[in-house]
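# Overview (structure and organization)
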Amino acid sequence: MEIAVLGPLELRGRAVPGARLGALVVLLALEAGRVVSADRLIDGVWGDEPPAAAGNALQALVSRLRRAAPELVVEATPHGYRLVVAPEQVDAHVFVGLVTADPAAALRLWRGDLEFPEAAQAEAVHLEQLRLLALKQRIAGELGSRDVVPEVEGLLAARPLDESLVALLMRALRAVGNPGRALAAYESFRVRLADELGADPSPELRELHLDLLRGEKRRGNLPAEVSSFVGRESDVSAVRRLVETHRLVTLLGPGGSGKTRLSVEAGGKIPGEVWRVELAPVTDPAEIPQAVLTALGLRGHAVLDRPGQAARTGLREALAGRTMLLILDNCEHLIGPVAEVADELLRAAPGLTLLTTSREPLGIAGERLHPVEPLALPPVGAGASTAAGFPAVRLLLDRAASFALTEENAPAVVRVCRALDGMPLAIELAAARLRTLPVTVLADRLTDRFRLLTGGSRTALPRHQTLRAVVDWSWDLLAEPERRLWRRFALFQGGADLAATELVCDTDVDTLAALVDKSLLVLGPDGRYRMLETIREYGLERLTEAGENESQRLAVARWLLELAGTADPHLRRPEQLVWLSRLAVEHDNLIAAVRAAIEAGDRATAAALVARLGWYWWLSGHRPEGAVLAAAVAGMPGDADGEDIALAHTYAAINGLEGGLPVDRVEADFRAAQLLTAGREPKHPALRLIPALAAIFDEGGHSEGGFAVIEPLFDDPDPWLRSVAKMFVSQLRLNFGHGADVAEAEMREALAGFRGIGERWGIGFALSSLGDMAAAKGDFVQAVSWQREAIALVREVGIREDLPQMEVKLGHQLWLAGEVAEARAALKQARQGAEEVALPEVTASVAYGTATFARMEGDLSEARRCMDMAVEMMRHPAAMPQFKAMAMHTQGLIDAAAGDLVTARRSHTDAVRMAVESRDSPVIALTLVGLADLELREGNPERAAFLLGASDAVRGSRDLSVPDVERITFEARAALGDAGFDEAYRRAAGTTMFTAADLL
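Note that the structure is a prediction, hence the values are computed from the model and not measured. (Residues numbered from 1 in each chain as written. Predicted model: local features only at pLDDT ≥ 70, side-chain atom pairs only at ≥ 80, totals over all residues. Heavy atoms only, no water.)

## Examining helix 38 (residues 740-757)
Helical periodicity: at 3.6 residues per turn, an α-helix aligns residues three or four positions apart in one direction. Taking 1.5 Å of rise per residue, 18 residues should cover 26 Å, and helix 38 covers 26 Å from first to last C-alpha, within 8% of that figure. When helix 38 is considered as a whole, its buried residues turn out to be A743, E744, E746, M747, A750, L751, F754 and I757. For helix 38, the angular spread of buried residues about the axis comes to 165 degrees, placing them on one side. Seen from the buried face of helix 38, the exposed residues on the opposite side, beyond 90 degrees, are D741 and G756. At its buried positions, helix 38 is contacted by helix 37 (719-735) and helix 39 (760-776). (Helix = DSSP H or I, 4+ residues; strand = E, 2+ residues; numbered from the N terminus. Expected span 1.5 Å × (residues − 1). Buried < 20%, exposed > 50% of the residue type's maximum accessible area, 1.4 Å probe, protein only. Arc of directions from axis to C-beta. Contact = heavy atoms within 4.5 Å.)

Pasting the structure below:
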């Protein structure tokens, strides 16, 4: 497909830069091969605010489109423009042709929300209508082959008066064996139609209603539910299939998971007799047969002289010749006796099928289990439209009838559903609270869920009227070893494997298996045991009651300290990925252990954990979280190991440097670590780096001091530290404007060292730096190659914070190499990565890179928009002065290109001053190029040449990766001649990073 408009606009799979350019492409593509008038294009692009010379502006925009997408042919005509492309090359035209012929194929072309300009809204509405038609046709074709009820209900919720959707829903419900709900759907629609339009259903819909009424009545005692059934449609189908092929099926799950409702809904889909027995009120095992007979309306079969045995005999006789499904609900408190009765009945009555609900299996031959899982949850950060598609949210909205989901309250709704684990009963109790509490307040107060969620239905079983009663019921059924394991395991916020559980909780496999059988622990496919959050919170309460909080906190901490201490050195060796993975599995437990130690005032344990986790946080993409925790521990009072405290300061600084801490806080932590290690010989390599890291903040600003503290590390016994030292020296040389050749040689040595020990972070960083050096020399092909290898390694390690900025560099180098399409793709990837990381400095860096691309392509409005975003992000105290200087420099270039030379001079002046304060030679050199551009535009080519010379002198070499240098050089030479240019250029040869400010 050449042009895709059914979703985010794409040309041959790549995005179109700029909203106006996108609007132009959409308007031309919708009329593929036909002339679109200039008036319509102007109206579509600029709306009610066309520029003064609209025709000229449109012509300029078309020129931009031709440059941005040279493969498209845009033909000018006397009355407008025509996109010379066949309709078959535009997805919208292909879609229209497929809607009736192949609706499934048509829908595959639809990629997301339409991004049409206001002038094309009529076309957008028409396409949306066709999409709905295609959806209806596709669903109609799938009736009987899969359960389409949830999909139709979703469509109908948005279009409640669409009769064709009502008919489709009724047929879908009949197809899955739920004619009762189909009749209810008809009645609901009939009432709505009469109330809102004063009309009756069509003859066709009334005939479908009659067809459903003619169905034969069934025998049984299933209750007619008064609330809708939400979110378990696939479970109903799965249980129905199990019941059709097995004689004993048990629905297994914790209290409040929806087992009873699922059994009723599934039973309603089974043809023939279906009877339900409620066992919750039964306390005497001898009364089980009598309860079944009573539910069947056969109480007279019981002989009363020997109640237990006589009732069983009567029950066997009553069922022996019958074919039915018998639902035994709530079996867990009588699990042994129920199992005996079930086994006896299945042997005596060949036509009997049993469906039981319980918190643990019956444990007899032939039993098939169906775990009733929590409802699917929306992801963190989901918007209203995304969240509304998840069953947990759908249930909350259904039960809280007066509550409406909006973009503003969606985050709180998601928090509520996730905090309650998607458990139906808990969500229904929360929905009841929404009558009296704002959803944000409800979400905040769920830490006290057992006191908050108490407003259950008065007609429900007593143990289903409050959340605490549900969980109390499970606790009361346990033996003491099971209770002990429950409360101790609750400290595992991220779950645990068998070995950890046995060690930390002092338990055995049999007790562990008992909690799994009782649905209080869940064994995942990864071999780890987990608790639902509500079960875990209850366990923590019981842990406090037992007085075991502190002893268990320390037991968990000891286990995690041993793991993290073993892992730390391996994170700087070839087995890095293996140990990163092991720590990642325990990440939630590790973070919880640090927080628990902080809350307990246990500085020794907290510092020991941070000292062993700091480098893991750096490598694994948890820098912000790690920086905050390390800073908190570093600031705690109390005694702790001196090296551990020094490492806490070190990791607060290292992770904070790119993890959101203010620059002055980062500097203070470096200084504190330096004081703590002064005069000592620390064991940990990170502490031996402290003098070198602190040199970054050396107020003297001279290179000699930095080299003096780093170069001794070239002979350190740790090969990783030796390589890091080489890498630091190389970067320091570039920062101080030393020769690029020497810096490159040292970076190659660092790369060789990292390759020798298989340390992927170091390899990736060194390769990325070498890519920058190659680009500066004009070898863009080599730069791209190294940058790609670096990105692959960093992605493999999982350092999310570094990837967006590396992808921006890759995009820039691809653009310089002439690979414009690939450059745009890299930039798009960088933007997506920055959104996921959500760190201000990363977002600012990507916005800066996007602005540079837009400026180079002549889209000054897009460049300005991106720079405004970057500057806003850089107001954060974590933003480095180098970034701020680069932003001011780019703003100056944009203003100058737009003709605002006064504002441009102010920006460039501020940029040079801030760059000089940062003591970063490459950034100073970059800002001098901006001044040179301004001087050239003001008619001072000699001054421009001089500033180019000053820029190269400060940097120590010419940087061919700065795109403006070539243009300024060409224009200044043309104005001055070669001799004049060279003379002015040479006069600046003595400029240094310390004298650059004098040029202002």
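Still more to cover.
## A short note on the packing of aromatic side chains
Aromatic rings considered in pairs are described by the distance between their centres and by the relative angle of their planes. Applying the stated rule across the entire model yields 13 aromatic pairs. Each ring, one from F492 and one from W559, has its centre 5.6 Å from the other, and the planes form 85 degrees; the classification is edge-to-face. Residue F492 is found in the loop between helix 23 (480-489) and helix 24 (498-505), and its partner W559 is found in helix 27 (residues 549-570); the two are separated by 67 residues along the sequence. Assigned by exposure class, F492 and W559 land together as buried. Here the aromatic rings of F981 and Y985 are separated by 6.1 Å at their centres, their planes lie at 20 degrees, and the arrangement is stacked. Taken together, the residues F981 and Y985, both in helix 49 (residues 963-987) and four residues apart, mark about one turn of the helix. Using a relative accessible area of 2% as the deciding quantity, one classes F981 as buried. Y985 sits in the partly exposed class, given a relative accessible area of 24%. Aromatic ring contacts, followed pair by pair, group W615, W618, W720, F754, W761 and F765 into a single cluster. Note that R572 overlies the ring of W720, its terminal NZ or CZ placed 5.5 Å from the centroid. (Phe/Tyr/Trp six-rings, centres within 6.5 Å; stacked < 30°, edge-to-face > 60°. Lys NZ or Arg CZ within 6 Å of the ring centre and 35° of its normal.)

## Considerations on the sheet that holds strand 1 (residues 3-4)
If you walk across this open sheet you meet the three strands as 1-2-3, and the pairing is antiparallel. Each edge of the open sheet is held by one strand with a lone partner, namely strand 1 and strand 3 (14-15). Pairing analysis gives two bridges linking strand 1 to strand 2 (residues 10-11), with the strands arranged antiparallel. Each residue of the ladder has a partner; that of A4, found in strand 2, is E10. (Pairing = 2+ DSSP bridges.)

## Some words on the sheet that holds strand 10 (residues 352-358)
Spatial strand order, 8-9-10-7-11: five strands in an open sheet with parallel pairing. Because the sheet does not close on itself, it has two edges, and the strands there are strand 8 (273-278) and strand 11 (367-371). The mean angle between the axes of side-by-side strands here comes to 20 degrees, regardless of whether they run parallel or antiparallel. Where strand 7 (residues 248-252) meets strand 10, five bridges bridge the pair, whose relative direction is parallel. For T250, the partnering residue across the bridge sits in strand 10 and is T356. Strand contacts of helix 13 (residues 288-295): strand 8 and strand 9 (324-329), with the helix running at about 135 degrees to strand 8, the strand carrying the most contacts. (Axes fitted to C-alpha atoms, helices over the stretch in contact; angles between N-to-C directions.)

## Comments concerning the packing of helix 1 (residues 19-30) against helix 2 (residues 38-46)
Two elements in contact, helix 1 and helix 2, have axes whose closest approach is 9 Å; the angle formed by their N-to-C orientations is 140 degrees. What the angle tells us is that helix 1 and helix 2 run oblique. The interaxial crossing formed by helix 1 with helix 2 has right-handed handedness. Packed against helix 1, whose contacting residues are R20, A23, L24, L27 and L28, the element helix 2 presents R40, L41, G44, V45 and W46 at the interface. Considered class by class, the residues forming the contact of helix 1 with helix 2 number seven nonpolar, one polar and two charged. (Parallel < 35°, antiparallel > 145°, perpendicular 65-115°, else oblique. Left-handed = near helix turned anticlockwise from the far one by under 90°. Nonpolar A, V, L, I, M, F, W, Y, C, P; charged D, E, K, R; others polar.)

## Some points on the pattern of salt bridges
Summed over all chains, the structure comprises 66 salt bridges. Here E187 and R190 are joined by a salt bridge, their closest N and O atoms 2.5 Å apart. One end of the pair, E187, and the other, R190, are both in helix 9 (residues 179-197), three residues apart, so they sit about a helical turn from each other. A relative accessible area of 30% means that R190 is categorised as partly exposed. Across the salt bridge formed by R937 and D933, the nearest N and O atoms sit 3.1 Å from each other. (Salt bridge = Lys/Arg side-chain N within 4 Å of Asp/Glu carboxyl O.)

## A short note on the pairing of strand 10
For strand 10, a buried count of seven out of seven residues is recorded, marking the element as mostly surrounded by other parts of the structure. With burial as the criterion, each face of strand 10 is covered, one bearing L352, L354, T356 and S358 and the other bearing T353, L355 and T357. Here strand 9 runs beside strand 10; their pairing, made up of five bridges, is parallel. What sits directly across from L326, in strand 10, is L354. The β-α-β motif built from strand 9, the intervening helix 15 (residues 335-348) and the parallel element strand 10 has right-handed crossover chirality. (Right-handed = clockwise from strand over helix to strand, strands pointing away.)

## Examining the environment of D669
Mapping D669 onto the fold places it in helix 33 (residues 663-677). For the pair D669 and T650, spaced 19 residues apart in sequence, the C-alpha separation works out to 6.4 Å. For D669, the residues in contact, after removing those within four places along its chain, are A634, H649, A652 and A653.

## Section: helix 19 (residues 424-433)
Of all 10 residues that make up helix 19, eight are buried, and the element is covered over most of its length. Along helix 19, the residues that are buried comprise P424, L425, A426, I427, L429, A430, A431 and A432. On its buried face, helix 19 is in contact with helix 17 (391-399), helix 18 (410-419), helix 20 (439-444) and helix 22 (467-476).

## Some details on the packing of helix 39 against helix 41 (residues 803-816)
Running from amino to carboxyl end, helix 39 crosses helix 41 at an angle of 30 degrees, the nearest separation of the two axes being 11 Å. On the basis of the axis angle, helix 39 is roughly parallel to helix 41. Note on packing geometry: the crossing formed by helix 39 with helix 41 is left-handed. Packed against helix 39, whose contacting residues are G764, S768, G771, D772 and A775, the element helix 41 presents M806, K809 and Q813 at the interface.

## A short note on unusual backbone geometry
The phi dihedral of S519 is positive, around 65 degrees, even though this residue is not glycine. Note on placement: S519 falls in the loop between helix 25 (509-517) and strand 12 (522-523).

## Side note on the environment of R468
Within the secondary structure, R468 is located in helix 22. Among the residues examined, R468 registers a relative accessible area of 27% and is labelled partly exposed. R468 sits 203 residues away from E265 along the chain, and the two C-alpha atoms are 26 Å apart. Those residues in contact with R468, other than ones at most four positions away along the chain, are F450, Y538 and E541.

## As for the nonpolar core
Core analysis: the biggest nonpolar cluster contains 202 residues, and W486, F489, L619, W720, W761 and L928 have the highest contact counts within it. A per-element tally of this core places helix 30 (residues 603-620) first, with 11 residues. Beyond its immediate chain neighbours, meaning those up to four positions away, W486 contacts V471, S474, W475, L478, L515, L520, M531, I535, Y538 and G539. L21, L107, L132 and A134 belong to the second-largest nonpolar core, a separate cluster that totals 73 residues. (Core = buried A, V, L, I, M, F, W, Y, C linked by side-chain atoms within 4.5 Å.)

Purely spatial values, then, with no claim about function.
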